[in-house]
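Structural description and commentary
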Amino acid sequence: MNKDRFIERLNAIQQKSDPKKRVVHKVNDDGLVVEVVKPRRKKLVPVKSILIGATIFVILKGFVYAQLGGDEYQQRIDSLMKGASVQVFAAFLLDADPATRAVANGLDKLLRGN
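This text gives an overview of the structure that appears in the document. (Residues numbered from 1 in each chain as written. Predicted model: local features only at pLDDT ≥ 70, side-chain atom pairs only at ≥ 80, totals over all residues. Heavy atoms only, no water.)

Structural notes on the overall build of the chain
- For the chain, the helix and strand inventory stands at 5 helices and 2 strands.
- Overall, the chain shows an N-to-C arrangement of helices and strands of α-β-β-α-α-α-α.
- For the chain, whose C-alpha radius of gyration is 28 Å, the value lies well above the compact-globule estimate of 13 Å for 114 residues.
- Counting only C-alpha atoms and orienting by the principal axes, one finds that the chain spans roughly 80 × 40 × 30 Å.
- A total of 114 residues make up the chain; the buried ones form 11% of that total.
- In the chain, once contacts between residues fewer than 6 apart in sequence are set aside, the share between residues at least 24 apart is 33%.
- Averaging the coordinates of the 20 positive side-chain charges in the chain and doing the same for the 12 negative ones gives two points 4 Å apart. (Helix = DSSP H or I, 4+ residues; strand = E, 2+ residues; numbered from the N terminus. Rg over C-alpha atoms; globule rule 2.2 N^0.38 Å. Buried < 20%, exposed > 50% of the residue type's maximum accessible area, 1.4 Å probe, protein only. Contact = heavy atoms within 4.5 Å. Lys, Arg positive; Asp, Glu negative; His and termini not counted. Charge placed at Lys NZ, Arg CZ, Asp CG, Glu CD.)

Topic: the nonpolar core
- By size, the foremost hydrophobic cluster in this structure holds 7 residues: Tyr-65, Ala-66, Tyr-73, Ile-77, Ala-91, Ala-96 and Ala-104.
- Where this core is concerned, the elements lending two or more residues are α2 (47–68) and α3 (70–81).
- Residues within four places of Ala-91 in sequence aside, it is in contact with Ile-77, Leu-80 and Met-81. (Core = buried A, V, L, I, M, F, W, Y, C linked by side-chain atoms within 4.5 Å.)

Quick word on the side chain of Lys-61
- Locating Lys-61 in the fold gives a position in helix α2.
- Only 3.5 Å separates the side chain of Lys-61 from the side chain of Thr-100, close enough to count as a polar contact.
- The contact partners of Lys-61, leaving out residues within four places of it in the chain, are Tyr-73, Leu-93, Leu-94, Asp-95, Asp-97 and Thr-100. (Polar contact = N/O pair within 3.5 Å; in protein donor to acceptor, adjacent residues only side chain to side chain.)

Comments concerning the pattern of salt bridges
- In total, this model carries 3 salt bridges according to the counting rule given.
- Note that Glu-8 is salt-bridged to Arg-5, the shortest N-O span being 3.6 Å. On the criterion of helical spacing, the pair formed by Glu-8 and Arg-5 is a turn pair, its members being 3 residues apart in helix α1 (residues 2–16).
- For Arg-5, a relative accessible area of 47% translates into the label partly exposed.
- Here Lys-61 makes a salt bridge to Asp-97, at a shortest N to O gap of 3.6 Å. Residue Lys-61 is located in helix α2, and its partner Asp-97 is located in the loop between α4 (85–94) and α5 (98–112); the two are separated by 36 residues in the primary sequence.
- Judged by relative accessible area, which is 6%, Lys-61 ranks as buried.
- Note on Asp-97: relative accessible area 27%, which makes it partly exposed. (Salt bridge = Lys/Arg side-chain N within 4 Å of Asp/Glu carboxyl O.)

What follows is the structure, given as structure tokens:
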């Protein structure tokens, strides 16, 4: 009997310590504070991963922009604009925006000392 009770308590502790679940303290009608285990919801959109990916993409675009220079980069984007729909979409994504130019200027100053 004691062993069964011990196993129940052990399982309750393991359930509360599960990182996928969160414990919420609630007060019953009689004033007793109890711990209620609620499962954590999985995020539908991994916001942090999307932001990190977008940041890396802008940094890579800035690096290419700094390497090629503004005129050559724009010529290559213009040639992509004349292609098929996939190439037009790629040109839209790769177009030099203010963030790309800022990263390119920063990299240019850092690497070339200009």
